[in-house]
Amino acid sequence: MKKQGCEIEATGVNYKIHTQTTEQSFKIFNKPPQFHSEEDGEEPGNEAKAEQRSCSGVKHVLKDVNCTAKPRQILAIVGPSGAGKSSLLEILAGKVSPQSGSILVNQEPVDKAQFRKISGYVTQKDTLFPLLTVEETIMFSAKLRLNLPQQQLCSRVKSLIQELGLSHVARTRVGDERVRGISGGEMRRVSIGVEVVHDPKVLILDEATSGLDSTSALQIVDMLKVMAESKGRTIILSIHQPGFRIVKLLNSILLLANGYVLHHGTVDLLGVNLRLMGLELPLHVNVVEFAIESIETIQQQQKCQQAQLEAPLQRLPGRMQQKKGDDQGQSRSGKFTLQQLFQQSKVIDVEIINMGMDFTRDFTNSRLRETMILTHRFSKNIFRTKELFACRTIQMLISGLVLGTVFCHLKDGVEGAEERVGLFAFILSFLLSSTTEALPIFLQEREILMRETSNGSYRVSSYAIANGLVYLPFLLILAILFTMPLYWLIGLNRNFTAFLNFLLLIWLILYTANSVVVCFSALVPNFIVGNSMIAGVIGSFFLFSGYFITKHEIPKYWIFMHYVSLFKYPFEGFLINEFSNSKKCLEYMFGACVVTGEDVLKEAGFGGESSRWKNVGVMVCFILLYRLIAYVVLRYRCSQSLTL
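Residues numbered from 1 in each chain as written. Predicted model: local features only at pLDDT ≥ 70, side-chain atom pairs only at ≥ 80, totals over all residues. Heavy atoms only, no water.

A. Region of the structure containing the overall build of the protein chain. Counting secondary structure elements, the protein chain contains 24 helices and 12 strands. When burial is assessed residue by residue, the protein chain has 51% of its 644 residues classed as buried. Once local pairs closer than 6 in sequence are excluded, the contacts in the protein chain between residues at least 24 apart make up 77%. When the accessible surface of the protein chain is split by element, carbon and sulfur atoms take 57% of a total near 31200 Å². (Helix = DSSP H or I, 4+ residues; strand = E, 2+ residues; numbered from the N terminus. Buried < 20%, exposed > 50% of the residue type's maximum accessible area, 1.4 Å probe, protein only. Contact = heavy atoms within 4.5 Å. Areas by Shrake-Rupley, 256 points an atom, 1.4 Å probe, with all protein chains shown as cover.)

B. Local environment of the pattern of salt bridges. By the definition in use, this model includes 14 salt bridges. Glu 135 is the partner of Arg 171 in a salt bridge, and the nearest nitrogen-oxygen pair spans 3.6 Å. Placement of Arg 171 in the loop between helix H5 (150-164) and helix H6 (184-196) and of Glu 135 in helix H4 (residues 134-145) is noted, with a sequence separation of 36 residues between them. What makes Glu 135 partly exposed here is its relative accessible area of 28%. Notably, a salt bridge pairs Glu 195 with Arg 145, separated by 3.5 Å at the nearest N-O pair. Of this pair, Glu 195 sits in helix H6 while Arg 145 sits in helix H4, placing them 50 residues apart in sequence. Residue Glu 195 is classed as buried on the basis of its relative accessible area of 3%. Assessed through its relative accessible area of 8%, Arg 145 is described here as buried. (Salt bridge = Lys/Arg side-chain N within 4 Å of Asp/Glu carboxyl O.)

C. Geometry of the confidence of the model for the protein chain. With 79% of its residues at a pLDDT of 70 or more, the protein chain shows a mean pLDDT of 79. Mean pLDDT across the secondary structure elements of the protein chain bottoms out at helix H12 (residues 318-326), with 40, and peaks at H4, with 93. In this model, residues 318-361 is a region of pLDDT below 50 whose contacts with residues beyond four sequence positions or in other chains number 71 contacts. (pLDDT = per-residue confidence, 0-100.)

D. Up close: a nonpolar patch on the surface. On the surface, Ile 480, Met 484, Trp 488, Phe 496 and Leu 500 cluster together to form a nonpolar patch covering roughly 460 Å² of accessible area. Those elements giving two or more residues to the nonpolar patch turn out to be helix H18 (460-490) and helix H19 (496-523). Per-element accounting of the nonpolar patch gives the leading share, three residues, to H18. Note that Leu 500 resides in helix H19. Taking the relative accessible area as the measure of exposure, Leu 500 reaches 40% and is therefore partly exposed. (Patch = residues over 30% accessible without salt bridge, like charges linked within 9 Å, V, L, I, M, F, W, Y side chains within 5 Å.)

E. Summary view of the pairing of strand S2 (residues 58-69). Judged by how many residues are buried, S2 sits mostly within the fold: nine of 12 residues are covered. By the bridge criterion, eight bridges tie strand S1 (residues 8-18) to S2 in an arrangement that is antiparallel. Each residue of the ladder has a partner; that of His 18, found in S2, is Val 58. (Pairing = 2+ DSSP bridges.)

F. Structural context of the sheet that holds strand S4 (residues 100-105). Strand order in the open sheet formed by four strands is S2-S1-S4-S5, and the pairing between neighbours is antiparallel. At either end of the open sheet lies a strand with only one pairing partner, and these are S2 and strand S5 (108-109).

G. Just the packing of aromatic side chains, in detail. The tally for this structure, following the rule as stated, stands at 19 aromatic pairs. Seen from their ring centres, Phe 426 and Phe 430 are 6.2 Å apart, and the 5 degrees between their planes marks the pair as stacked. Of this pair, Phe 426 and Phe 430 both sit in helix H16 (residues 414-433), four residues apart, which is roughly one turn of that helix. On the accessibility criterion, Phe 430 (17% relative accessible area) is buried. Among the aromatic side chains, those forming a connected cluster through ring pairs are Phe 424, Tyr 487, Trp 488, Phe 496, Phe 499, Phe 502 and Phe 574. Sitting over the ring of Tyr 569, Lys 568 keeps its end group 5.2 Å from the ring centre. (Phe/Tyr/Trp six-rings, centres within 6.5 Å; stacked < 30°, edge-to-face > 60°. Lys NZ or Arg CZ within 6 Å of the ring centre and 35° of its normal.)

H. The environment of Val 272, seen in detail. Checked against the element boundaries, Val 272 lands in helix H9 (residues 267-276). Along the backbone, Val 272 and Val 287 are 15 residues apart, and their C-alpha atoms lie at a distance of 10.0 Å.

I. Expanded view of the nonpolar core. One finds Ile 427, Leu 431, Tyr 471, Phe 482, Phe 502, Ile 506 and Phe 574 to be the most contacted residues of the largest nonpolar core, which totals 86 residues. The element contributing the most residues to this core is H19, with 17 residues. Contact partners of Phe 574, with chain neighbours within four places excluded, come to Phe 424, Ile 427, Leu 428, Phe 502, Leu 505, Ile 506 and Ile 509. (Core = buried A, V, L, I, M, F, W, Y, C linked by side-chain atoms within 4.5 Å.)

J. Looking closely at the sheet that holds strand S8 (residues 234-238). Across the sheet, which stays open at both edges, the six strands sit in the order S6-S7-S8-S3-S9-S10 with mixed pairing between neighbours. Whereas interior strands pair on both sides, the edge strands pair on one side only; in this sheet they are strand S6 (119-122) and strand S10 (260-265). With direction set aside, neighbouring strand axes in the sheet form an average angle of 15 degrees. The strands touched by H6 are S6 and strand S7 (202-205); relative to S6, the strand with the most contacts, the crossing angle is about 155 degrees. (Axes fitted to C-alpha atoms, helices over the stretch in contact; angles between N-to-C directions.)

K. Geometry of the packing of helix H17 (residues 439-454) against helix H20 (residues 527-543). Taken N-terminus to C-terminus, the directions of H17 and H20 make an angle of 130 degrees; their axes are 10 Å apart at the nearest point. Classified by the interaxial angle, the pair formed by H17 and H20 is oblique. Here H17 and H20 pass one another in a crossing that is right-handed. Within the contact between the two elements, H17 uses Leu 439, Pro 440 and Leu 443 and H20 uses Phe 527, Gly 530, Asn 531 and Ile 534. Counted by class, the contact of H17 with H20 contains five nonpolar, two polar and no charged residues. (Parallel < 35°, antiparallel > 145°, perpendicular 65-115°, else oblique. Left-handed = near helix turned anticlockwise from the far one by under 90°. Nonpolar A, V, L, I, M, F, W, Y, C, P; charged D, E, K, R; others polar.)

L. Representation of H17. The terminal C-alpha atoms of H17 lie 23 Å apart, and with 16 residues this matches the ideal 22 Å at 1.5 Å per residue to within 8%. Most of H17 sits out of view: 12 of its 16 residues are buried. Every buried residue of H17 is listed here: Leu 439, Ile 441, Phe 442, Leu 443, Glu 445, Arg 446, Ile 448, Leu 449, Arg 451, Glu 452, Thr 453 and Ser 454. Just downstream of H17, Gly 456 is the residue with a positive phi angle, here 75 degrees. (Expected span 1.5 Å × (residues − 1).)

M. Examining H16 more closely. With 20 residues, H16 extends 29 Å between its outermost C-alpha atoms, agreeing within 8% with the 28 Å of an ideal straight helix rising 1.5 Å per residue. Buried within H16 are the following residues: Gly 416, Ala 417, Arg 420, Leu 423, Phe 424, Ala 425, Ile 427, Leu 428, Ser 429, Phe 430, Leu 431 and Leu 432.

N. Spotlight on the side chain of Ser 461. Along the chain, the position of Ser 461 falls in helix H18. Setting aside anything within four residues of it in sequence, one finds Ser 461 in contact with Arg 367 and Tyr 631.

O. Main features of the pairing of S6. Burial of the side chains of S6 extends over both faces: Ser 119 and Tyr 121 are buried on one face and Gly 120 and Val 122 on the other. Here four bridges tie S6 to S7, and the two strands are oriented parallel to one another. Bridged to Ser 119 within S7 is Val 202.

Rendered as structure tokens:
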């Protein structure tokens with residue numbers, strides 16, 4: 001019977017990182033430095049030099065690593081913290097490029113972008129939408145990664161949920177620290193399901209059992225074992241302190257320490273090697289844990305053995321050195337040396353591994369279908385987020401009622417006009433500064449976007465379009481709830497066309513604020529920085545809006561801020577909508593009208609009806625600009641994650 005799948009082989013992998021320069025929070029367009037050195041292939045005896053280079057700012061994470069992962073098997077990468085396990089997994093998954101070495105798939109080089117399409121990579125952190133159910137989470141992943149009829153999609157998702165052992169929580173929300181949901185082990189299985197829904201040939205997991213109890217950890221590894229054998233998958237995972245029963249499920253072990261490979265082979269062979277070194281396995285301790293605890297002893301033994309092998313070779317002629325080097329796998333007593341025992345002996349599989357892998361360079365779905373799927377997913381998250389939908393809806397309705405009752409039935413005189421101007425300024429400051437509650441949601445979406453676009457699920461442009469479309473009806477509902485009580489209780493311009501123009505301005509203000517938050521959520525590293533930057537920008541724009549200081553009194557070197565202010569154009573729009581063609585007289589003298597609304601607009605330099613749609617057009621341009629900036633930044637971030 002032929003064995004179909006992917007054999008992953010890493011040869012001579014060396015990887016360095018920069019540790020001296022502190023990464024700046026606002027430096028988003030920085031690329032991790034790549035270092036090329038002639039010392040990539042250093043030996044274990046040169047650790048002092050490596051440590052010295054680490055202090056100078058370059059850390060050698062992986063040093064001449066060789067390993068092989070075969071189909072239908074589980075390769076577990078183990079070792080203490082800082083051994084290089086996660087770095088090796090990222091290199092194998094195509095997320096990071098090493099300074100030297102090669103990764104082969106079925107003994108042939110494969111493009112990283114194409115390899116991601118036939119593989120799944122489960123990160124240590126479960127990045128899932130907490131308000132979606134288990135079934136919805138896997139279904140959306142299936143829709144984005146598979147171009148199948150709805151009936152086949154449902155059948156595949158249902159089958160996968162049963163395979164993952166999640167049938168009893170299929171309609172339960174995933175949850176997080178704020179929303180009650182499924183357990184940690186179940187959430188881990190959902191993360192695995194999201195990555196295997198397209199039936200990948202290779203599955204890579206970083207810390208597959210981290211944070212789970214022993215029972216949940218065993219269930220995860222047992223499920224992966226069944227998955228490897230039944231689906232013919234190649235599974236590579238890093239694991240921390242595996243228990244007895246978990247160790248028995250592992251086909252091969254890669255023991256790392258300080259970036260070096262100390263063992264690559266079966267668990268039984270690891271036990272034999274330890275006994276040959278004089279290390280007796282204590283009771284109630286499995287061999288993998290004991291090997292990790294004995295790493296210092298293993299390294300010292302290797303150094304001594306290496307020195308014993310090199311000393312006589314230095315005194316031999318060249319031809320004898322070669323012959324001695326060929327026979328150095330055996331000592332005088334006829335036993336194998338420790339160096340050979342801890343090296344990978346490459347076994348050639350007599351069974352044929354399928355070499356024909358069907359790579360597709362295009363995305364699974366069209367841009368229109370991607371946008372529809374993402375819009376559907378966005379809408380579910382919005383309407384289920386109480387902080388974003390329910391609380392925001394109640395807030396807008398109550399705010400409209402309160403403002404309407406406070407400014408109820410304003411007079412038509414000069415005092416009434418001044419009160420109206422103050423009302424418009426407050427509305428602007430309130431609406432533009434009260435949308436930062438969506439920032440954490442956008443930051444969470446950004447993490448999921450980075451993960452999903454890295455494996456080719458959809459285009460970044462589809463995400464940007466869907467993100468823009470989904471908020472239009474939601475913000476329109478908020479605008480109506482805010483405008484209806486406020487406009488008629490206060491008694492603003494009673495022309496129905498003026499009411500519609502006012503509603504349009506409120507809608508555009510909310511959408512502008514939403515676009516600003518989307519833009520900064522793409523730029524900033526975290527919520528604290530984002531909240532501070534948004535507050536500073538909004539405050540600066542309000543200062544130069546023309547309410548506190550007129551355009552003519554702003555210094556020339558600051559006048560540009562007046563024209564880029566988000567407050568200027570809606571503020572002028574409110575005044576034009578209220579006083580232009582309103583037929584209201586603000587001041588009478590001897591029974592004659594001496595000051596009208598049009599006179600106030602002309603004196604302030606706002607223009608009349610001719611400026612109404614100009615202000616609307618500028619607001620739309622601002623929306624498009626901030627959305628475009630967000631798209632460019634997200635596109636750059638995602639491309640960086642693909643080219644590291």
